[in-house]
Amino acid sequence: MTPEAYAEFLAVYLDEGTRFHHPGHLGHQIAAPDFPAALADLVHGAANNPMAAYEMGAAAATVEFEVVRWMLDKAGYGQAGGGVLTHGGSLANLTALLAARAAAVPDAWENGIPGDLALLAPESAHYSLTRAAAILGLGERAVVPLDTDSLGRIDVARLPEALDRVRRAGRRPMALVAAACATGTGLYDDLRRIGEFCAANGLWFHVDGAHGASALLAEGHRRLLDGVELADSLTWDAHKMLRTSSLAAAVLVRRGDALDAAFRQRASYLFYGDQGFDSIGRTVECSKAELGLKIFLNLAWRGERGLGEYVARQYATARRLWELARERPGFALPYEPESNIVCFRYGGGDQAAIREALTADGAFHLTSAEIGGVRHLRASVMAPATDDKTLHALLDRITELGG
Ligand SMILES: *Cc1c(COP(=O)(O)O)cnc(C)c1O
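So, how was this worked out
Note that residues are indexed from 1 along each chain, following the sequence as it is written. In view of the model being predicted, local features appear only for residues whose pLDDT reaches at least 70, and side-chain atom pairs are presented and counted only at 80 or more, with totals across whole chains, interfaces and linings using the full set of residues. Derived side-chain values reflect all non-hydrogen atoms in the structure, with water molecules and hydrogen atoms excluded from consideration. UniProt positions are given in the numbering used here, feature names are shortened, and annotations may be inferred rather than shown by experiment. A helix here means a DSSP run of H or I that spans at least four residues, while a strand means a run of E at least two residues long, and both kinds are numbered starting from the N terminus. The quantity called the radius of gyration is restricted to C-alpha atoms. Its globule counterpart is 2.2 Å times the number of residues to the power 0.38. Note on classification: 1.4 Å probe, protein chains only; a residue is buried when its accessible area is under 20% of the maximum for its type, exposed when over 50%, partly exposed between these limits. Between two residues, a contact is recorded if the distance between any of their heavy atoms is within 4.5 Å. For the area figures, the Shrake-Rupley method with a 1.4 Å probe applies, and any residue is considered shielded solely by the protein chains shown. We treat Lys and Arg as the positive residues and Asp and Glu as the negative residues; His and chain ends play no part in the count. A charged residue contributes its charge at one atom only: NZ of Lys, CZ of Arg, CG of Asp or CD of Glu. Pairing between strands requires that DSSP locate at least two bridges from one strand to the other. Angular values range over 0 to 180 degrees, each being the angle between N-to-C directions of two axes fitted as lines to C-alpha atoms, with helices fitted over their stretch in contact.

Named according to an unreviewed UniProt entry, the chain is L-2,4-diaminobutyrate decarboxylase originating from Streptosporangium saharense. Under the heading Cofactor (unreviewed entry), UniProt records this for the chain: "pyridoxal 5'-phosphate". Its UniProt record gives the chain the following Sequence similarities (unreviewed entry) comment, quoted word for word: "Belongs to the group II decarboxylase family."

J.: Quick one: what's the story with the overall build of the chain, residue by residue and with numbers?
T.: Along the chain, the regular secondary structure elements total 13 helices and 12 strands. Taking 2.2 N^0.38 as the reference for a compact globule, 403 residues should give roughly 22 Å; the C-alpha atoms of the chain span a radius of gyration of 22 Å, in line with that estimate. Relative to its 403 residues, the chain shows a buried fraction of 51%. A separation of at least 24 residues holds for 72% of the contacts in the chain among residues at least 6 apart in sequence. Accessible area for the chain stands at about 17,700 Å²; split by element, carbon and sulfur atoms hold 52% of it. The positive charge centre, built from 39 side chains, and the negative charge centre, built from 49, are 3 Å apart in the chain.

J.: So what's going on with the sheet that holds strand S6 (residues 205–208)? Residues and values would help.
T.: Across a sheet, paired strands are connected by hydrogen bonds in the backbone, their directions being either parallel or antiparallel. With mixed pairing, 7 strands are arranged side by side in an open sheet as S2-S8-S7-S6-S5-S3-S4. Only two strands of the sheet have a single partner each, and these edge strands are strand S2 (82–86) and strand S4 (143–146). This sheet shows a mean twist of 20° between the axes of neighbouring strands, independent of strand direction. Bridge analysis of S2 against strand S8 (residues 249–253) gives 5 bridges, and the strand direction is antiparallel. Across the sheet, residue Thr86 finds its bridge partner in S8, namely Ala249.

J.: Lay out the sheet that holds strand S9 (residues 331–332) with the relevant residues and their values.
T.: Strand order across the open sheet formed by 5 strands is S1-S11-S12-S10-S9, with mixed pairing between neighbours. Two strands bound the open sheet, and with one partner strand each, they are strand S1 (25–26) and S9. Bridging between strand S10 (residues 341–346) and strand S12 (residues 374–380) involves 4 bridges; their strand directions are antiparallel. Note that in S12 the partner of Val342 across the bridge is Ala379. Where helix H11 (residues 291–326) meets the sheet, its contacts fall on S9, S10 and S12, and the angle it forms with S10 comes to roughly 20°.

Given below as structure tokens:
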């Protein structure tokens, strides 16, 4: 391939791809990466310093250590906490539940798990949690659905009943999972009350904040995560609301030793003991990428305030979409959005058909989600370029298509 051919190839390649920087990208929760993170990808792509073992990438390991420390501080865990960056929230959830498993059954690593463990989670929980239960050997059927309200939020008043049910069935609850926020609706669970319930009942409390934990940086929205400091573990994706490329996520734990206990592996050629910031004893991955650099450079360039302002702006744009749709006839909106995710219906027809027609147009990309068994259109406002003009044009087009 010559440079000229490469230019031609690249033009076609990008044209056929998905434009996550486009204002009409309101589909999946994928960041329009900020340019410092893109530079970090270039540095990593060329220097390639995998860093789970300190001696393979001392600078990258040091940067990850500091990034994790910053995130721990934001989550309210402080010095006693611990964490590691992973390639994505699914792996972070798996890692957190591995730590929960080690806490419930300390010899599970050596002897495998008993058949009575249970995982308490609402049906609205991200599918990676059920998967993690299956991967960890609990089996999908060990996931006990928690009662929720009509929007899929955990019904805190009915938690004692659920725990009773699990115990009477002879099962040992390994962990309880709450969302901050839920993937489908973008709504936050009541972390403080759930956390207090878990603490009172000796339950491992995992908060899946893959999408919404970044609201910790936005002054006006931090209250949505009130009580997150009670969680035993927290998943926080940077490639959603901290504008890095995929994937860069954190699994954070309130007590750092809980992560060490999760992995009891010994590999004599890698585990030498303390040499520096060795995260290899805390992660599934071996030749792990320089994930910390992407987060660090975005943070260094925009500042904590800048990152928080991005989150606040996206949340405000979603709210604006909700307001504008509410003013128009034919739109039904089941709840006021708490994040940058909004669900709605237009007319009484097939919402999937509206979505498909929009996708075929190519000007807008929406997803869809079921709420209470009813399919809704779903917008997640990720691109900084999405503005009022975009929102009006979207609603106009949906009105044309659905009418
Ligand atoms: C996106 C998401 C995940 C999965 O994260 P990946 O980084 O895509 O693996 C898990 N939980 C929630 C709540 C999410 O929004």
